[in-house]
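Descriptive structure summary
Each chain is listed here by its residues.
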Amino acid sequence: MDFATFASVYKSYLHKILAIILLGVFAINTIPREFIHEFSGHHDTVDVVHQHDGATISEHHRHCDFLQIGIEPYEPFVAYYIAPVQKVIWVFYPLSIPETTHTAYYNLTPRAPPIVVA
């Protein structure tokens, strides 16, 4: 097998692996956390509310930290920047065109470029 064929197969193999990784990242980020938590095998503690006066003692509360992982909500950051201002005076001088002289050639042939016939 020559190098070009080997590189082509290797490149195709890497593309497949990268596609599977990207698909996994996409799936994990789009599936709701609560759905993934259902397959974890444990349940969070549900606190029982007792309606009576005084302190209440209950069992140890267990809450999965996986549900707390997520992207923080977007909060726009506002910053004001006041640019320093300096007055600029523009001075435009009139365009100077150099003088040209006009010379009439009477003995020119009727073709381009013009050639003086002697």
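Residues numbered from 1 in each chain as written. Predicted model: local features only at pLDDT ≥ 70, side-chain atom pairs only at ≥ 80, totals over all residues. Heavy atoms only, no water.

Glancing now at the overall build of the protein. Looking only at helices and strands, the protein features 2 helices and 0 strands. Burial statistics for the protein: of 118 residues in total, 4% are counted as buried. Across the protein, contacts joining residues at least 24 apart in sequence account for 24% of those joining residues at least 6 apart. About 12,600 Å² of surface is accessible on the protein, with carbon and sulfur atoms providing 65% of the total. (Helix = DSSP H or I, 4+ residues; strand = E, 2+ residues; numbered from the N terminus. Buried < 20%, exposed > 50% of the residue type's maximum accessible area, 1.4 Å probe, protein only. Contact = heavy atoms within 4.5 Å. Areas by Shrake-Rupley, 256 points an atom, 1.4 Å probe, with all protein chains shown as cover.)

To continue, consider the packing of aromatic side chains. Geometry of an aromatic ring pair is reported as the spacing of the ring centres plus the angle between the planes. According to the stated counting rule, one finds 1 aromatic pair in the structure shown. Arranged with centres 6.3 Å apart and planes meeting at 10°, the rings of W90 and F92 form a pair that is stacked. Note on accessibility: W90 and F92 belong to one class, exposed. (Phe/Tyr/Trp six-rings, centres within 6.5 Å; stacked < 30°, edge-to-face > 60°.)

Right, let's get into a nonpolar patch on the surface. A contiguous nonpolar surface patch, about 690 Å² in accessible area, is contributed by F6, Y10, Y13, L14, I17, I21 and V25. Summarising the element assignment, F6 is placed in helix α1 (residues 3-30). (Patch = residues over 30% accessible without salt bridge, like charges linked within 9 Å, V, L, I, M, F, W, Y side chains within 5 Å. Salt bridge = Lys/Arg side-chain N within 4 Å of Asp/Glu carboxyl O.)

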